[in-house]
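In case you want the letters, here they are:
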Amino acid sequence: MIKHLRSAADLDAETATLILDTAAEMAALSGREVKKLPALRGRTVVNLFYEDSTRTRISFEAAAKRLSADVINFSAKGSSVSKGESLKDTALTLQAMGADAVVIRHSASGAPHRLANWVEGSVVNAGDGTHEHPTQALLDAYTMRSRLGRLDGLRVAIVGDVLHSRVARSNVLLLTTLGAHVTLVGPPTLIPRDISAKAQVSYDLDAVLPESDVVMMLRVQTERMQDSYFPSAREYSRRYGLDVPRLQKMPEHAIVMHPGPMNRGMEIAPEVADSPRSTIVEQVANGVSVRMAVLYLLLGGK
Ligand code: NCD
């Protein structure tokens with residue numbers, strides 16, 4: 001087993017499949033009245049969140065607690081980080097407290113890689129800048145597999161602000177490792193070159209929809225945009241928003257995904273987000289099982 005999960009590229013097909021299979025076993029637990037397993041009793045998991053998060057932070061916390069680990073939640077606000085303490089000094093503090101795993105979200109791409117040099121425990125990337133978010137890709141793959149029965153040969157469209165999306169980047173890496181075909185769709189200004197080498201690219205959403213088993217919508221990340229990448233929100237929505245008429249162009253079995261948080265009415269219409277074909281709430285639930293599997297396996301579970 002690998003020690004750290006910094007990138008989806010850390011995972012070969014065998015390891016990724018082991019995580020998904022273990023997550024399925026963890027999910028069976030969530031249906032029980034007592035949701036706890038003693039697997040990580042006495043181990044310490046630190047959640048180190050330098051960037052805002054709702055789902056991911058709560059999900060990692062729930063996952064660690066269900067495995068009976070001791071959980072320390074650290075957020076940059078209200079800590080010595082606001083006094084200018086460096087990531088390295090924070091890491092040494094965590095090291096002194098004996099963290100077995102550090103889950104980190106940071107606005108700087110590459111922060112988890114640096115951290116792995118400074119702590120002895122396992123490092124899990126919970127989102128670094130515009131770079132990667134490997135556990136999101138795992139929970140997305142898990143959701144696709146449980147809804148559609150397989151990943152190999154699946155046609156997945158990832159739509160919207162790919163440029164700023166760590167979710168898209170990790171998904172392209174993981175899904176192609178697992179045999180799926182990925183098409184990136186969006187305005188040319190929002191499709192980066194580096195990652196598009198591993199996927200198909202299209203600027204025409206309407207043409208891609210009938211050919212897709214999965215349509216994954218991405219949030220337009222205006223907080224990361226210094227320039228204007230499209231003429232207006234209305235124009236973006238008209239060309240790349242998933243509304244009801246577009247949903248009807250998808251094959252009947254096809255599902256709609258979104259990592260959240262959503263801009264309802266921009267990249268996705270509320271009726272689509274709340275439709276039975278949307279897996280958005282399921283993705284959140286699956287996130288806990290997948291993160292349990294990741295923590296369990298990285299910390300030496302068999
Ligand atoms: C994403 C993130 O933070 O990268 N959300 C998530 O983790 N569920 C996507 C986003 O912010 O749009």
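This text gives an overview of the structure that appears in the document. (Residues numbered from 1 in each chain as written. Predicted model: local features only at pLDDT ≥ 70, side-chain atom pairs only at ≥ 80, totals over all residues. Heavy atoms only, no water.)

1. Looking at the pattern of salt bridges
Working step 1: For the coordinates displayed, the defined rule picks out 14 salt bridges.
Working step 2: When the shortest N-O distance is used, the salt bridge between Glu51 and Arg166 registers 3.0 Å. Residue Glu51 is found in the loop between strand E1 (44–49) and helix H2 (55–66), and its partner Arg166 is found in helix H6 (residues 166–177); the two are separated by 115 residues along the sequence. Each member of the pair, Glu51 as well as Arg166, carries the same accessibility label: buried.
Working step 3: Residue Arg155 pairs with Asp213 through a salt bridge whose shortest N-O separation is 3.0 Å. (Salt bridge = Lys/Arg side-chain N within 4 Å of Asp/Glu carboxyl O. Helix = DSSP H or I, 4+ residues; strand = E, 2+ residues; numbered from the N terminus. Buried < 20%, exposed > 50% of the residue type's maximum accessible area, 1.4 Å probe, protein only.)

2. Brief notes about the environment of Met216
Working step 1: Here Met216 shows up in strand E8 (residues 214–217).
Working step 2: Here Met216 falls in the buried class, since its relative accessible area comes to 0%.
Working step 3: With 99 residues separating them along the chain, Met216 and Asn117 place their C-alpha atoms 34 Å apart.
Working step 4: Discounting chain neighbours no more than four positions away, the residues touching Met216 are Asp140, Met144, Ala157, Ile158, Val159, Val167, Asn171 and Met257. (Contact = heavy atoms within 4.5 Å.)

3. Quick look at the sheet that holds strand E5 (residues 155–159)
Working step 1: Read from one edge to the other, the open sheet built from 5 strands follows the order E7-E6-E5-E8-E9, with strand pairing classed as parallel. A strand with exactly one partner marks an edge of an open sheet, and here the two such strands are strand E7 (200–202) and strand E9 (255–257). Taken pair by pair, the neighbouring strands of this sheet meet at an average axis angle of 25 degrees, ignoring direction. (Pairing = 2+ DSSP bridges. Axes fitted to C-alpha atoms, helices over the stretch in contact; angles between N-to-C directions.)

4. Points about unusual backbone geometry
Working step 1: Each neighbour pair has its own omega, and for Gly260 with Pro261 the value is -5 degrees, a cis peptide bond.
Working step 2: Its place among the elements puts Pro261 in the loop between E9 and helix H11 (270–273).
Working step 3: In the Ramachandran plot, Ser68 falls in the positive-phi region, its phi being about 65 degrees despite a non-glycine side chain.
Working step 4: With respect to the helices, strands and loops of the structure, Ser68 is situated in the loop between H2 and strand E2 (70–75).

5. A look at the packing of helix H3 (residues 87–96) against helix H4 (residues 111–118)
Working step 1: Across the interface, H3 lies against H4 with an axial gap of 9 Å and an inter-helix angle of 45 degrees. Comparing the axis directions of H3 and H4 gives the class oblique. Here the hand of the crossing between H3 and H4 comes out right-handed. Contact residues: Leu87, Lys88, Ala91, Leu92 and Gln95 in H3; Ala111, Leu115 and Trp118 in H4.
Working step 2: Taken together, the residues that form the contact of H3 with H4 break down as 6 nonpolar, 1 polar and 1 charged. (Parallel < 35°, antiparallel > 145°, perpendicular 65-115°, else oblique. Left-handed = near helix turned anticlockwise from the far one by under 90°. Nonpolar A, V, L, I, M, F, W, Y, C, P; charged D, E, K, R; others polar.)

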